[in-house]
Amino acid sequence: MTAELGHMALILAFCVAALQAVIPLVGAHRNSARMMEFGDRAAVGQFLLIAFSFLALTSVFLSSDFSVKLAALHSHSEKPLLYKISGVWGNHEGSILLWVLMMAGYGAAVPIFGKSLPPGLKARAIAIQALVGAGFLAFILFTSNPFERLDPVPMDGNGLNPILQDPGLAFHPPFLYLGYVGFSLPFSFAVAALIEGRVDSVWAKWLRPWVLVAWSFLTIGIALGSFWAYYELGWGGWWMWDPVENVSFMPWLAGTALLHSILVLGTRHSLAGWTVLLAITTFALSLIGTFVVRSGILVSVHAFAVDPERGVFLLLLLGIATGGALTLYALRAHTLRDPVPFNATSRDGALVLNNLLLTAALATVFLGTFYPIFIDALDGSKISVGAPYFELTFTPIMCLLILFMGIGPMFKWRADTIKRLRVPIMLTLKVAALVIIAVALLGKSILGALALGLAAWLAFGTVLAIGRKTNWSRAGLRSQPASTWGFAGAHMGVAIFTAAVTAMSVWGTTDIGTLKVGDSLSLGRYTYTLDDVGGGQRDNYNFLAGDISVTKNGRDVTTLSTERRFYPVRNQLTTEAGLHLSFGQTLFASIGEGDPEGGFVVQVYRHPFVVWIWLGALLMALSGFVALADRRLRLPSRREAAE
Amino acid sequence: MKLRGLIPLFGFLVLVGALAFGLTRDPRILPSELIEKPFPEFALENLEGSQIIDPNVLQGKVSLVNVFGSWCVACTTEHPQLMAQRDNPDIQLVGIDWRDTRDAANRWLVRNGNPYDIVIFDPNSKLIVELGVTGAPETFIVDRDGKIRYKHVGIITPKDWKDTLRPLVESLQ
Amino acid sequence: MRWSLIIWLCFAGAVFAQTSPTEQRARDIGAQLRCVVCQNQSIEESDAQLAQDMRRVVREELAKGASDEAVIEHIRESYGDYVLLKPPVQSNTYVLWFLPALLVLLSLGWFLFRQKQSATPASVETLSADDETLLSKLMEDDA
């Protein structure tokens, strides 16, 4: 019964969304307050209906109702509570329901938080949001119904895949979607503004906090995914340049450019054209991401089960939504010229450069990800683009960006000169040079030295920018608005991230060998000794376990327990690496095949400072939230506006 | 309407076209690099362990070289097609038993029937890697001079045999 | 299993395993070859059996004295360009390899060119002193 109610709620939500897509648009055109207000109520109503539907699906999973096909395929009565819940979105149908729930949620936020918005703009934005939402609801109802029944009802579910029962993996999709889907609001507002023919600072000021929210969540979502891959997959990597990773990273790159542009538009009244195009592009990339993951078009670890029908539907949805928005942009773009000229050497100029470089970086990731499809279409060749390509092309562009990031914030708005900033720039350069020399001598790596020098350049430049802003006084510090700390934290986060990635790539060490009990491998001053090997059976798998003790210069550091598991029912072999995480480094070991006489294959790693990769990303995300506290980012309430 | 504003739309339409095309392709199927090339060199034991096989066995007769394993479920599905060709005088069936143990392979052949004139035992993928094989079953048609003419990835259905493989074999006689 | 043990022992030494130059070469080559039965991993990273066998082939070739390029070419002859994680620089990948750099150069070029066009004109109306102070205060509040 619950399933049927959930299904009905979805159908109702679709009807509401369809109406919500049309009536407010007409109302805005005719200036009919009643029709526009309908949009407000419909948006909230749509959200409540979908929320009910989502709760219905969750209760199906929690009660282990295996007469519902989705639960039978992806859940199990013995699953712990947390994973029963996360199992709801651990599959195609459930996750797309989560997607529309969030879209409706963000849509409902417009009438709730946007009471002071001009009614025409608000109504149009609500309508566009509903239009896209209706498209996805149709997708669910026609191709991906989560409430499909199963007859006969199986005794128990099928969904006990051990790899998926993991807290990191449970939280990764919700955060990712809060980010991905969050960019639907800028999209809807961009289209609404294009329809109106006006993109101004009121528009930007209202959107700014939402862009910050979406961006921050997306940052957390991507970081969680990367961290999970590192400790779960057990071969020492944290980013594979896998197509599905790339399609989550591309909206982040576009979103970062959007974030900077919209901050400028709100205060400086320029970069309107950039902002609108970026708003459309970011969400278009989210849509492309959804398409790629669910259509089977690219080979990836993450892809859901392949279904060409779904692929076609999603492509149509993507094509109409983005194509429509871009057509509007083509028609109206010329009205969005910048009224205020600015110098290259100014903060405005620096932000334009920021956009250009982020776009180039985005284009590079895009090219690498989709090139196999393009070339297959052109001449039938099968080419693959792996990590080495991205490392050679993407990394230099980001280095260039970081270079400009270090000093860009020091420039004044509108017009400034390098000459005026000669002192701080030279100071930052000297600090960077010192770091480069020190690291080159101590760490014996030119590449590592240059990279760490770059990180130092960014960090020190950021400190100088803050110092100059606050006049190096405590009063100055206290009087800073929240967005200053957002900027400081985010840029520091990038510096930390860069340093950590460098540390791990350049100074990470690994070794592999065949060890009998008592044998050792050494990495520098660390010795890994295979103390004990055991085996046996547990739950639904057989395992081979190794205990590896690590000592540094003879002193005990830790013992790593690693296992190699074989799940006979699924015919699946997994490695559980033994990890010792600390702020200074990660010690890692994994065990492979072998036997007591010949020895076991053991691989050991030492990754310096690797957790700072995710801590840096976390700092970026937190800074985004901190910046929200800035009152200037909020629209005045109706009361204030009336004064 | 300025032309510059059309660039994003145009770029996007190109992308949609490419994606639509991509939907029609299976990214996992690799075309063979070895069409029209001689069968790669190898020297492996046969399943019985009684002799060493090398590419000379492919000379003088059209061969159907089939990669299988006792662990390969799909191979069981296509096996009747191969059994039906066991006594076909125009073709010799050469099996490559991949990543298997002699025991398991023998048991599988007893249970499902043995259509092969020769079975090459390749437990360590030596010939497999030379052939660019990525999974089982995969089948190669080799002409009388030992040149690879065709690669079929996946199960051989009756339709595959009737429409593609049999005409090819006949044309190579 | 016997094979990898022999190879490891050849390169690993008695108790402490050292990374010999040949083994390092094998790993570097392996990192460039795609595991064709996996989803987006190199043969060095993958646990799959075919990946293990391909690693073995790489080491056998190196042991026979082949150069790095020859080993990679050998695998490429069997599996095609698809097995290379780093796409080769050839006529159908020029766009792939050169477009990023081209984009950056074009962007920088456009940026500097645009800047020259719309630079703040020298003749700006001067404001009164009071207005100037008011203006700079307003600008700072905003920034």
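Structure: see above.
Residues numbered from 1 in each chain as written. Chains lettered and ligands numbered in written order. Predicted model: local features only at pLDDT ≥ 70, side-chain atom pairs only at ≥ 80, totals over all residues.

## Re the sheet that holds strand β1 (residues 509-515) of chain A
Residues and elements named next belong to chain A. Cut-off, in case you're wondering: In this scheme, strands are said to pair when DSSP sees at least two bridges between them. The helix and strand labels rest on DSSP assignments: H or I over at least four residues marks a helix, E over at least two residues marks a strand, and numbering proceeds from the N terminus. For helices, the fitted line uses only the C-alpha atoms of the stretch in contact; every axis is such a line through C-alpha atoms, and the angle between N-to-C directions lies from 0 to 180 degrees.
Spatial ordering of the open sheet is given by β1-β9-β8-β7, a layout of four strands whose pairing is antiparallel. Each having just a single partner strand, β1 and β7 (578-581) make up the two edges of the open sheet. Neighbour-to-neighbour, the strand axes of this sheet turn through a mean angle of 10 degrees, independent of strand direction. Note: β1 against strand β9 (residues 599-608), seven bridges, orientation antiparallel. If you follow Thr509 over to β9, its bridge partner there is Arg606.

## Points about the packing of helix α2 (residues 33-62) of chain A against helix α6 (residues 119-143) of chain A
Residues and elements named next belong to chain A. Here is the rule we go by: To sort the angles, those under 35 degrees are grouped as roughly parallel, those over 145 as roughly antiparallel, those from 65 to 115 as roughly perpendicular, and the leftovers as oblique. Each helix crossing is assigned a hand: it is left-handed if the near helix lies turned anticlockwise from the far helix by less than a right angle, otherwise right-handed if that turn is clockwise. Two residues qualify as being in contact provided that their C-beta atoms, derived from the backbone, are within 7 Å of each other. For this classification, the nonpolar set comprises Ala, Val, Leu, Ile, Met, Phe, Trp, Tyr, Cys and Pro, the charged set comprises Asp, Glu, Lys and Arg, and every other residue, Gly included, is treated as polar.
Between α2 and α6, whose axes approach to 9 Å, the crossing angle comes to 45 degrees. In this view, α2 runs oblique relative to α6, as classed from their interaxial angle. For the crossing formed where α2 meets α6, the hand is left-handed. Of α6, the residues touching α2 (which contributes Ala33, Met36, Gly39, Asp40, Ala42, Ala43 and Gln46) are Pro119, Ala123, Ile126, Ala127, Ala130 and Gly133. Residues that form the contact of α2 with α6 fall into these classes: nine nonpolar, three polar and one charged.

## Considerations on unusual backbone geometry
How we decide: Burial is judged by counting other C-beta atoms within 10 Å of a residue's own C-beta: 20 or more means buried, 12 or fewer means exposed, and anything between counts as partly exposed, with every C-beta placed from the backbone.
The amide bond that connects Asp151(A) to the next residue, Pro152(A), takes the cis arrangement and shows omega of 5 degrees. Relative to the helices and strands, Pro152(A) resides in the loop between α6 and α7 (167-182). Residue Pro137(B) follows Ala136(B) across a cis peptide bond; omega there is 0 degrees. With respect to the helices and strands, Pro137(B) occurs in the loop between α4 (126-131) and β6 (138-142). Even without being glycine, Asn31(A) reaches a positive phi, approximately 60 degrees. Relative to the helices and strands, Asn31(A) resides in the loop between α1 (2-30) and α2. If you check the backbone angles, Trp241(A) has positive phi at about 55 degrees while not being a glycine. Here Trp241(A) is to be found in the loop between α9 (201-233) and α10 (243-268). Since 21 C-beta atoms lie within 10 Å of it, Trp241(A) is described here as buried.

## Notes on the pairing of strand β4 (residues 541-552) of chain A
As a general feature of sheets, a regular strand has side chains that alternate between the two faces. Residue and element names in this part refer to chain A. Both strand β3 (residues 526-538) and β4 contribute to a ladder of 12 bridges, which runs antiparallel. Pairing of Leu530 across the sheet is with Ile548, part of β4. Taking the residues between adjacent antiparallel strands as the criterion, β3 and β4 are bridged by two residues, where Asp539 takes a positive phi near 45 degrees. Of the strand pairs in this sheet, β4 and strand β5 (residues 555-567) are connected by 11 bridges, and their pairing is antiparallel.

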